[in-house]
Amino acid sequence: MIAVEGCAHGDLDNIYASLQHLEESENIKIDLLICCGDFQAVRNENDLESMACPVKYRTMNTFWKYYSGEEVAPVPTLFVGGNHEASNYLWELYYGGWVAPKIFFMGFAGVIKFGSVRIGGLSGIFNARDYYSGHYERAPYNNSDIRSIYHVREYDVHKLKQVEEPLDIFISHDWPRGITAFGNSEQLLRHKPFFESEIKDGTLGSRAAEELLKKLKPSYWFSAHLHTKFAALVQHGENGPVTKFLALDKCLPGRNFLQVIEIKSDAGPHEIHYDEEWLAITRAYNPVFPLSRKPARLMPELPDLKGHRQWVQRHLEVHMKPFDFRPTVPAYDPTQRQPISVGHVRNPQTEALLQLLELSYVLDSSLESGTQKSSPISSMMSVKDPSEIILDDADDDSLPDDVDEIEASSEDTVDPNDVALEEDLS
């Protein structure tokens, strides 16, 4: 059984309490939790400085407890990034990795296996302004970069388009463009009437996600971002496969933020593993990783994916489980204020994966020259003025970026008893 949750907004205590209530009340066992973005893996006060949201809504919430080990996730958890994230931390794990014990980030784009279930994911939201740029942002982020870093890039979408083997599940934060034509859009507009103009002119949702939906044709596609539940069935051509799409709300009382589905899988063990095809794609495309504002130069000819796949098979037979979680910065301490760190910290998981694939580490390269910045952890702890980055109360991007503003704290408490087991998608 797999549970799917919409926008998490760092409210892990309530989400996990809801899952445990479902397991007890319905006598079921949930094997995996999937979160569709705005996860907010905030480890300490410094991470709040790298999260794009109105300053008055920058709160620690509960993820730091799981990062520090004070709490442990009761079920393996998988998530993609949204547009309200601690982007400095997720950039450490661009290729994916554990953000805390039993909590795995899919990376900016990625494919993993959970048992025999194959899951793909794309983090961020679509914005045409940055789509063709490289990943040029580096911490500490300015007022523009703190927003652009979560904008989807063509490079990551292009890599996902190279996936040929079937996917059981795909996860994105924003919806595929045009998806409302395959569901009850009238009901959606009764709940969200301000979507009407975007639905009519075809701009609601992500163009990149639309392209991936048509190319990958997964059995299930899950999204969040627009804070409402919406289901659709997409038929891919006459007599072609069907994708069951479901968007979910955020974790609040009375909201449809949780769905439990049953997907056929081998007997187990039900653990997260690297995906062989995706490792081959990563190895093939990492040499052209775009790191500047300039449009990414994608390979004019396809790389030798078959050759990279054979290399992965020869070298990684016994090392397909992700590397163990290791903390990289101190966890939040409610009893004292911590110094604010500056710059990029290399995550041992990322370094180990790149060494395994015989690839260079480029996540701390400078914007244009490609040279590396020094990044010893000792230099990360210099004190910075916390007021240096100030965000207005509204995101300067157009809808649907604005839809994800966090509601007032008075709505933040969820009673687990309010959540019921929802019917499977049909």
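Keep in mind that what you see is a predicted model, and the values were worked out from it rather than measured.

S.K.: Explain the environment of Tyr136 to me, please; I cannot follow it from the model alone.
M.R.: When you line up the elements, Tyr136 lands in the loop between strand E7 (117-122) and helix H5 (145-148). Of the residues examined, Tyr136 reaches a relative accessible area of 4% and is grouped as buried. Taking the C-alpha atoms as reference, Tyr136 lies 9.2 Å from Ser365; in sequence the two are 229 residues apart.

S.K.: Where do I start with the pattern of salt bridges in this structure?
M.R.: Once the charged atoms of two side chains with opposite charge are near each other, the side chains can pair. Tallied over the entire structure, the rule returns 22 salt bridges. The partner of Glu92 in a salt bridge is Arg43, with the nearest N and O atoms 3.2 Å apart. One end of the pair, Glu92, is in helix H4 (residues 87-92); the other, Arg43, is in the loop between strand E2 (32-35) and helix H2 (45-48), with 49 residues separating them in the sequence. Judged on exposure class, the residue Glu92 and its partner Arg43 are both buried. The closest approach of N and O atoms between Glu277 and Arg118, which form a salt bridge, is 2.5 Å. Residue Glu277 is located in helix H10 (residues 276-285), and its partner Arg118 is located in strand E7; the two are separated by 159 residues in the primary sequence.

S.K.: What am I meant to see in unusual backbone geometry here?
M.R.: In terms of backbone geometry, most residues other than glycine have negative phi values and most peptide bonds are trans. Cis geometry is found at the peptide bond from Ala139 to Pro140, where omega equals 0°. Residue position: Pro140 is located in the loop between E7 and H5. A positive phi angle, close to 55°, is found at Asn27, a residue other than glycine. In this fold, Asn27 is placed in the loop between helix H1 (12-26) and E2. Phi is positive for Glu358, close to 60°, though the residue is something other than glycine. Position of Glu358 relative to the elements: it lies in the segment after helix H12 (348-356).

S.K.: Sorry if this is basic, but what is going on with the nonpolar core here?
M.R.: Nonpolar side chains tend toward joint burial in soluble globular proteins. Judged by nonpolar contacts, the single largest core of 129 residues is most densely connected at Phe63, Leu78, Val99, Ile103, Ile119 and Ile169. In terms of residues, this core owes the most to one element, H10, which gives six residues.

S.K.: Sorry, what's going on with the sheet that holds strand E1 (residues 2-5) here?
M.R.: Consider a sheet: its strands pair through backbone hydrogen bonds, and that pairing is either parallel or antiparallel. One open sheet holds the six strands; their spatial order is E4-E5-E3-E2-E1-E12, and the pairing between them is mixed. The two strands at the open ends of the sheet, each matched to only one other strand, are strand E4 (97-100) and strand E12 (258-261). This sheet shows a mean twist of 25° between the axes of neighbouring strands, independent of strand direction. The sheet contact formed by E1 and E2 spans four bridges and is parallel. Across the sheet, Ile2 pairs through a bridge with Leu32, a residue of E2.

S.K.: Looking at this model, I keep getting lost on the pairing of E4. Mind explaining?
M.R.: Two faces, one strand: in a regular strand the side chains alternate between the faces of the sheet. Judged from the three bridges that link them, E4 and strand E5 (residues 103-105) form a sheet pairing that is antiparallel. Paired with Trp98 across the strands is Phe104, a residue of E5.

S.K.: Whenever I open this one, H10 confuses me. Can you help?
M.R.: For an α-helix, 3.6 residues make a turn, and residues three or four places apart therefore share a direction. When you tally the buried positions in H10, you get nine out of ten residues, the bulk of the element. Among the residues of H10, those classed as buried are Glu277, Trp278, Leu279, Ala280, Ile281, Thr282, Arg283, Ala284 and Tyr285. Along its buried surface, H10 packs onto strand E6 (109-114), E7, helix H6 (154-161), strand E13 (272-274), helix H11 (305-315) and H12. Regarding H10, its N-cap is Asp275, as a side-chain oxygen of that residue lies 3.2 Å from the backbone nitrogen of Glu277 further along.

What counts and how
- Residues numbered from 1 in each chain as written.
- Predicted model: local features only at pLDDT ≥ 70, side-chain atom pairs only at ≥ 80, totals over all residues.
- Heavy atoms only, no water.
- Helix = DSSP H or I, 4+ residues; strand = E, 2+ residues; numbered from the N terminus.
- Buried < 20%, exposed > 50% of the residue type's maximum accessible area, 1.4 Å probe, protein only.
- Salt bridge = Lys/Arg side-chain N within 4 Å of Asp/Glu carboxyl O.
- Core = buried A, V, L, I, M, F, W, Y, C linked by side-chain atoms within 4.5 Å.
- Pairing = 2+ DSSP bridges.
- Axes fitted to C-alpha atoms, helices over the stretch in contact; angles between N-to-C directions.
- Contact = heavy atoms within 4.5 Å.
- Polar contact = N/O pair within 3.5 Å; in protein donor to acceptor, adjacent residues only side chain to side chain.

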